[in-house]
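Report on the structure
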Amino acid sequence: MAKFHFRYGAMNAGKSTILLQTAYNYEENGKRVVLLKSSIDTKGDEKIVSRIGLERKVDYLIGEDDSIISILGDNIISIDCILVDEAQFLKRKQVDELFYITKKYNIPVIAFGIRTDFKTNGFEGSIRLLELADELLEMPTICKCGKKARFNGRKVDGKFILEGDSIVIDNDSAVSYESLCGECYINKLEKL
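So, a few notes on the structure that sits alongside this text.

Reading the values: rules and limits
- Here the residue index of a chain counts from 1 through its sequence in written order.
- With pLDDT at 70 or above as the cut-off, local features in this predicted model cover only qualifying residues; side-chain atom pairs require 80 or more to be listed or tallied, and sums for whole chains, interfaces and linings still use all residues.
- Water and hydrogen atoms play no part in the side-chain values, which are based on all heavy atoms of the structure.
- For helices the rule is a DSSP run of H or I covering at least 4 residues; for strands it is a run of E covering at least 2, with both sets numbered from the N terminus onward.
- Here the radius of gyration uses the C-alpha set of atoms, whereas the globule reference equals 2.2 Å times the residue count to the power 0.38.
- Exposure categories follow from relative accessible area, calculated using a 1.4 Å probe and restricted to protein chains: below 20% of the type maximum is buried, above 50% is exposed, and the middle band is partly exposed.
- Here Asp and Glu are counted as negative and Lys and Arg as positive; His is not counted, and neither are the chain ends.
- Positions of charges follow a simple convention, taking NZ of Lys, CZ of Arg, CG of Asp or CD of Glu.
- Two strands make a pair as long as DSSP finds a minimum of two bridges between them.
- A fitted line through C-alpha atoms represents every axis, and for helices the fit uses only the stretch in contact; the resulting angles, taken between N-to-C directions, go from 0 to 180 degrees.
- Residues form patches when they are more than 30% accessible in relative terms and have no salt bridge. Like charges link within 9 Å. Nonpolar side chains (Val, Leu, Ile, Met, Phe, Trp, Tyr) link within 5 Å.
- To measure how exposed things are, a 1.4 Å probe is used in the Shrake-Rupley method; for residues, cover is taken only from the protein chains shown.
- By salt bridge we mean one thing: a side-chain nitrogen of Lys or Arg within 4 Å of a carboxyl oxygen of Asp or Glu.
- Each Phe, Tyr or Trp ring (for Trp, its six-membered ring) is paired with any other whose centre lies within 6.5 Å, and the angle between the two planes then decides the class: stacked below 30 degrees, edge-to-face above 60, tilted in between.
- Any Lys NZ or Arg CZ found within 6 Å of a ring centre and within 35 degrees of that ring's normal is scored as a charge over the ring.

Brief notes about the overall build of the protein chain
- Assigned secondary structure in the protein chain consists of five helices and eleven strands.
- In terms of overall dimensions, the protein chain is globule-like: its C-alpha atoms have a radius of gyration of 17 Å, near the 16 Å expected for 192 residues.
- Its C-alpha atoms put the protein chain at 55 × 30 × 25 Å along the principal axes.
- The buried share of the protein chain, taken over its 192 residues, is 46%.
- Here the protein chain contributes 28 positive and 30 negative side-chain charges, whose respective centroids are spaced 5 Å apart.

What to know about the sheet that holds strand 8 (residues 135-138)
- Here six strands make up an open sheet; going across it, the order is 5-2-6-7-1-8 and the pairing parallel. The open sheet has two edge strands, strand 5 (60-62) and strand 8, and neither has a second partner. Across this sheet, the average inter-strand angle for adjacent strands is 20°, counted without regard to direction.
- The pairing of strand 6 (residues 81-85) with strand 7 (residues 109-113) spans three bridges and is parallel. Its bridge partner being in strand 7, V84 is matched across the sheet by A111.

A few points about a nonpolar patch on the surface
- The grouping of I77, Y100 and Y105 at the surface amounts to a nonpolar patch, some 340 Å² of accessible area in total.
- Structurally, Y105 is set in the loop between helix 3 (92-104) and strand 7.
- Judged by relative accessible area, which is 33%, Y105 ranks as partly exposed.

Observations regarding the packing of aromatic side chains
- Going through the model one piece at a time under the given rule, you end up with five aromatic pairs.
- A centroid spacing of 5.4 Å and a plane angle of 35° characterise the contact between F6 and Y8, whose relative ring orientation is tilted. The burial state of F6 is the same as that of Y8; both residues are buried.
- One residue, R154, lies across the ring of F118, its end atom 3.7 Å from the ring centre.

A short note on the pattern of salt bridges
- Per the stated rule, a full pass over the model turns up 16 salt bridges.
- For E27, the salt bridge is made with R56, and the minimal N-O distance between the two is 2.6 Å. With E27 in helix 1 (residues 15-28) and R56 in strand 4 (residues 55-57), this residue pair connects regions lying 29 residues apart in the sequence.
- Between D134 and K103 there is a salt bridge, and its shortest N-O distance comes to 2.5 Å. On the criterion of sequence distance, the pair formed by D134 in the loop between helix 4 (124-132) and strand 8 and K103 in helix 3 is long-range, its members being 31 residues apart.
- Judged by its relative accessible area of 27%, K103 falls in the partly exposed class.

That's the geometry; what it means functionally is another story.
This is the structure in structure tokens:
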């Protein structure tokens, strides 16, 4: 039976890069891969863009009200693997559909995303992925101090903030994110 995977990590952990490499590996072996991305992620528009410069057009952008099963339609039976970028932005019902696809159609689904926002609150999609995934894999990255980073600090014009909407894509020139270990995250909070 196919498995439902959630690979998560802080910003800059290489999630999109690994997703693109995984797609390449499947296709190199003659397999059909479908790439999905939430339409909320406007970085790269209709492309999955990695921070090291790799990019690829997605097969389907998923809107908040979209049914993934409906979008895939009859093509679903010819798919060998589904790869999802920015999975934290999916709705609960969409994650449920991906789980259903692995079990009903025997298609592996590998979802990549972050667990929490810059306030350490879980995203709807990530929470459901943590509840349903057959396999969880934390993808490591490091904080500037050298420890394992698990949190995402948001900066506006270079200054850390702790207020604002949970979702602000970092293609806005004033907004950036920094991967932080727990200690550095708390230290940044104390300075606010």
